[in-house]
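Now for the letters of each chain:
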Amino acid sequence: MFKKLIRKNDKRIDIHLDERKENAQKEQLPCHIAIIMDGNGRWAKKRSLPRIAGHHEGMKTVKKITRFANEVGIDTLTLYAFSTENWKRPKMEVDFLMRLPEEFLGTYLPELIEQNVQVRMMGNLDVLPEHTKRAINKAVEETAKNDGLILNFALNYGSRNEIVQAVKRIAKQIEQDEISEEEITEELLNSHLMTKDLSEPDLLIRTSGEVRLSNFMLWQLAYTEFWFTDTLWPDFDEASLLEAIESYQKRNRRYGGLKGEEVN
Ligand code: FPP
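Cut-offs and rules
Residues numbered from 1 in each chain as written. Predicted model: local features only at pLDDT ≥ 70, side-chain atom pairs only at ≥ 80, totals over all residues. Heavy atoms only, no water. Near = heavy atom within 4 Å. Polar contact = N/O pair within 3.5 Å; in protein donor to acceptor, adjacent residues only side chain to side chain. Areas by Shrake-Rupley, 256 points an atom, 1.4 Å probe, with all protein chains shown as cover. Helix = DSSP H or I, 4+ residues; strand = E, 2+ residues; numbered from the N terminus. Nonpolar A, V, L, I, M, F, W, Y, C, P; charged D, E, K, R; others polar. Pairing = 2+ DSSP bridges. Axes fitted to C-alpha atoms, helices over the stretch in contact; angles between N-to-C directions. pLDDT = per-residue confidence, 0-100. Contact = heavy atoms within 4.5 Å. UniProt positions renumbered as here; feature names shortened; annotations may be inferred. Buried < 20%, exposed > 50% of the residue type's maximum accessible area, 1.4 Å probe, protein only.

Participant: How would you explain the site of the ligand if you had to name every residue and give the values?
Facilitator: The immediate surroundings of the ligand are formed by 15 residues, with G41, R42, R51, H55 and R89 found nearest. Measuring from an oxygen atom of the ligand, one finds a side-chain N or O atom of D38 at 3.1 Å. Contact distances for the ligand include 3.1 Å between an oxygen atom and a backbone N or O atom of G41. Computed on the free molecule, the ligand has an accessible area of 630 Å², of which 90% lies beneath the protein chains in the complex. For the shell around the ligand, the secondary structure elements donating two or more residues are α2 (40-46), α3 (51-72) and α4 (91-114). Partitioning the shell around the ligand into residue classes produces 6 nonpolar, 5 polar and 4 charged.

Dropping the structure here:
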């Protein structure tokens, strides 16, 4: 009897979620959602578990949110999985984080392929452990022809470093007389960033109550709508993502200009 009641309740929640999803789909969806997945450590601490247990749970959330974003019809999902600053963490935690792409892709790649998801990576990948690179390269290669959701992991990514590398390449082009100073434009700089083939994020989500960018996509987020939640990443779910999308859909994006009736 009790079980039946729970099942019935679950169903009601599902119906509610489906309705919300369908309503969101009737309006303009954010094409590109970027997420700073924060709060794994605190999630674990609250349960007296080691921090790595939080990261492991966070990986499960990545699966859940990827599935759902694809289902909703989001074009690109960029996830901040490891920053250039995260190397400062204890070796054991770093080693664990470097094993996560392997575990994630090892168990989930067939489903990603079936769901037509294209896996991409951005960051300084050269210095990653061989086993991490192997898993990533396999996933990128095997999903390259898919044209559904782009699942873009930021791994060993730092925005300032990305911009510095872009500036260095432009300086070299000038030095070698390939371009002139006048040709340095926003588009040119953009074309040297790791996101050159992606649209700019429409919506940035950061979980766990922290309200900062932590060196994430500083250039690309210039006109992005931000949404912050106290929910810790392992607790973030489909309803949370919908809440963020619904909030985005209520925003009035003006890109520094005015809209319709505001002009007069
Ligand atoms: C920040 O939480 C989270 C990270 C540094 C790692 C994020 C990684 C995942 C969610 C898993 C990635 C999965 C794949 C497939 C690559 P924190 O540890 O800083 O949390 P805290 O602020 O509560 O300590």
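Participant: Provide a residue-level description of the sheet that holds strand β4 (residues 150-157), including the pertinent values.
Facilitator: Spatial ordering of the open sheet is given by β3-β4-β2-β1-β5-β6, a layout of 6 strands whose pairing is parallel. Taken across any chain shown, the strands that pair with only one partner, and hence form the sheet edges, are β3 (118-122) and β6 (225-228). Sheet twist, expressed as the average angle between the axes of neighbouring strands with direction ignored, equals 20°. Sheet topology places strand β2 (residues 76-83) next to β4; 7 bridges connect them, and they run parallel. The partner of T76 across the bridge, within β4, is I150.

Participant: Describe the confidence of the model for the protein, naming the residues involved and giving the relevant values.
Facilitator: Taken over all residues, the pLDDT of the protein has a mean of 94, while the share at 70 or more is 93%. The weakest mean pLDDT in the protein belongs to helix α1 (residues 2-26) at 72; the strongest belongs to strand β1 (residues 32-36) at 99. A low-confidence stretch, residues 1-6 stays under pLDDT 50, and its non-local contacts, those more than four residues away or across chains, total 0 contacts.

Participant: Before we move on, can you summarise the UniProt feature "binding site: Mg(2+)" (unreviewed entry) in the protein with the specific residues and values?
Facilitator: Sequence positions flagged by UniProt for "binding site: Mg(2+)" (unreviewed entry) are, in local numbering, D38 and E225. By secondary structure assignment, the location of D38 is in the loop between β1 and α2. Note on D38: relative accessible area 17%, which makes it buried. If we ignore the near neighbours within four places in the chain, the residues touching D38 are R206, T207, S208, E210, L232 and W233. Among the polar contacts listed, one links the side chain of D38 to the side chain of S208, at a separation of 3.2 Å. Checked against the element boundaries, E225 lands in strand β6. Since its relative accessible area comes to 16%, E225 is described here as buried. When neighbours within four sequence positions are excluded, E225 is seen to be in contact with D202, L203, L204, Y248, R251 and R253.

Participant: Please give an account of the UniProt feature "active site" (unreviewed entry) in the protein that cites residues and values.
Facilitator: According to UniProt, the "active site" (unreviewed entry) feature falls on D38 and N86. Across 49 residues in sequence, these annotated residues keep their C-alpha atoms within 12.3 Å of one another, forming a single compact spot. Considering the arrangement of structural elements, one finds N86 in the loop between β2 and α4.

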